[in-house]
Amino acid sequence: MIQYRRHREEVLTYSRMLSADGYFGPASGTGGNVSMRVEAEGGDLIVITPSGKVYAELSAADICVARFDGSIIEGNPAPSIETGMHLAVYRNRPDVNAVIHTHQPYASIFALINQPIPPLFDEVTAKIGPVVEIIPHALSGSVELAENVASRLKNGCNCYIIQNHGALAVGLTLQAAYKHSGLLEKTAQAYYQALSTGKEVTVLPDYIVCLLTEQLKSEQQNEIARKMQLSISGKL
Ligand SMILES: [Zn+2]
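Residues numbered from 1 in each chain as written. Predicted model: local features only at pLDDT ≥ 70, side-chain atom pairs only at ≥ 80, totals over all residues.

1. Considerations on the packing of helix H2 (residues 83-92) against helix H5 (residues 143-152)
Line of reasoning, step 1. Direction vectors running N to C along H2 and H5 enclose 30 degrees, while the axes themselves pass 8 Å from each other. Classed by the angle they form, the pair H2 and H5 counts as roughly parallel. Of the two possible hands of crossing, H2 and H5 adopt the one that is right-handed. On the side of H2, the interface is formed by Gly84, Met85, Ala88, Val89 and Asn92, while H5 contributes Val143, Leu145, Ala146, Val149 and Ala150.
Line of reasoning, step 2. Tallied by class, residues from the contact of H2 with H5 come to eight nonpolar, two polar and no charged. (Axes fitted to C-alpha atoms, helices over the stretch in contact; angles between N-to-C directions. Helix = DSSP H or I, 4+ residues; strand = E, 2+ residues; numbered from the N terminus. Parallel < 35°, antiparallel > 145°, perpendicular 65-115°, else oblique. Left-handed = near helix turned anticlockwise from the far one by under 90°. Contact = placed C-beta atoms within 7 Å. Nonpolar A, V, L, I, M, F, W, Y, C, P; charged D, E, K, R; others polar.)

2. Digging into the sheet that holds strand E3 (residues 64-67)
Strand pairing in a sheet relies on backbone hydrogen bonds, with the paired strands running either antiparallel or parallel.
Line of reasoning, step 1. Strand order in the open sheet formed by eight strands is E4-E3-E2-E1-E5-E8-E7-E6, with mixed pairing between adjacent strands. Edge positions in the sheet fall to strand E4 (72-74) and strand E6 (133-135), since each of these pairs with one other strand and no more. Ignoring which end each strand starts from, the neighbouring axes of this sheet average 25 degrees apart.
Line of reasoning, step 2. Here strand E7 (residues 159-162) pairs with strand E8 (residues 166-171) via four bridges, running antiparallel. Opposite tyrosine 160, over in E8, you have leucine 168 as the bridge partner.
Line of reasoning, step 3. Sheet strands in contact with H2 are strand E1 (33-38), strand E2 (45-48), strand E5 (98-102) and E8, and its direction is about 135 degrees off that of E2.
Line of reasoning, step 4. Along the sheet, helix H3 (residues 105-113) makes contact with E7 and E8, crossing E7 at roughly 55 degrees. (Pairing = 2+ DSSP bridges.)

3. Remarks on the nonpolar core
Line of reasoning, step 1. Formed by 56 residues in total, the largest nonpolar core has its most connected members in Val47, Cys159, Ile161, Leu168 and Leu184.
Line of reasoning, step 2. Here this core takes seven residues from helix H6 (residues 174-196), the largest share from any one element.
Line of reasoning, step 3. Not counting residues within four places of it along the chain, the set of residues in contact with leucine 184 comprises Ala107, Ile128, Val132, Cys159, Ala167 and Ala169. (Core = buried A, V, L, I, M, F, W, Y, C linked by C-beta atoms within 7 Å. Buried ≥ 20, exposed ≤ 12 C-beta atoms within 10 Å, placed from the backbone.)

4. Re the pairing of E8
Line of reasoning, step 1. Across the six residues of E8, six count as buried, placing the element largely inside the fold.
Line of reasoning, step 2. Relative to E8, E5 is paired through five bridges, and the arrangement is antiparallel. In the strand pairing of E8, isoleucine 100 is matched with alanine 169.
Line of reasoning, step 3. Between the antiparallel neighbours E7 and E8 lie three residues, among them asparagine 164 with a positive phi of about 50 degrees.

5. A few points about H3
Line of reasoning, step 1. Of all the residues in H3, the buried ones are Ala107, Ser108, Phe110 and Ala111. The buried residues of H3 occupy an angular sector of 155 degrees when the element is viewed end-on, so they sit on one face. Of the residues in H3, the exposed ones pointing more than 90 degrees away from the buried face are Leu112 and Ile113.
Line of reasoning, step 2. Looking at the buried side of H3, the elements it contacts are E7, E8 and H6.
Line of reasoning, step 3. Remark: asparagine 114 follows H3 within two positions and exhibits a positive phi of approximately 50 degrees. (Arc of directions from axis to C-beta.)

6. Quick word on the pairing of E3
Side-chain direction in a regular strand flips from residue to residue, so the side chains alternate between the two faces of the sheet.
Line of reasoning, step 1. Sheet analysis places E2 next to E3, joined by four bridges and oriented antiparallel. Paired with isoleucine 46 across the bridge in E3 is alanine 66.
Line of reasoning, step 2. Note that E3 and E4 share two bridges and pair antiparallel. Looking at the pairing, alanine 66 lines up with isoleucine 72 of E4.
Line of reasoning, step 3. Between E3 and the antiparallel strand that follows it, E4, lie four residues; glycine 70 among them carries a positive phi value of about 100 degrees.

7. Some remarks on the environment of lysine 179
Line of reasoning, step 1. With respect to the helices and strands, lysine 179 occurs in helix H6.
Line of reasoning, step 2. Judged by local crowding, lysine 179 falls into the partly exposed class, with 16 C-beta atoms found within 10 Å.
Line of reasoning, step 3. Taking the C-alpha atoms as reference, lysine 179 lies 17 Å from serine 108; in sequence the two are 71 residues apart.

Here you go:
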């Protein structure tokens, strides 16, 4: 409990914030999960919210700490049923150290019409990348859903929409992933309302998108290089 207390409290704090934002469903919904990667001797760990608990009633002791093979180190013995989906992100995106899955309202509209969200706003594109792609639907908690998520991660973006389900935001830190989920909701709301007018919706030109995403790519490459260096020097 003591060793990973800070990480568990951080996951708890952001879970409560997302719950208060209404991103886990109305009132005290449980539609979502939050995790972070922790570097440890012997391999990375995942710190993740438990399965089926009301977020407003969670305590740090409920947050699970597990190895990537699923064995529990600390906390609640029943991690989120979506742990496999979170691990798929960490295994395929070494630049990512935090994953947030939500059922946030406006992004969920695009989960139903299966329409990716193009680059629309400078500040959103700079943080989440050129596109919010749709991940094909599969049953919650299934291996197939984890595989579907893994299949879309190579675009290097920080937000995705899961068909007929919800949203996924990732980041270098939990703070960044939380910011990305908010930016996704802003752009989803504006895009939905713009589409509803029936008028043409303009998107950012390609050269602007390239300029805006340069820093994002650089941050991701720096994080990957840092992890490779740690691995080479035997610190992990
Ligand atoms: Zn869900």
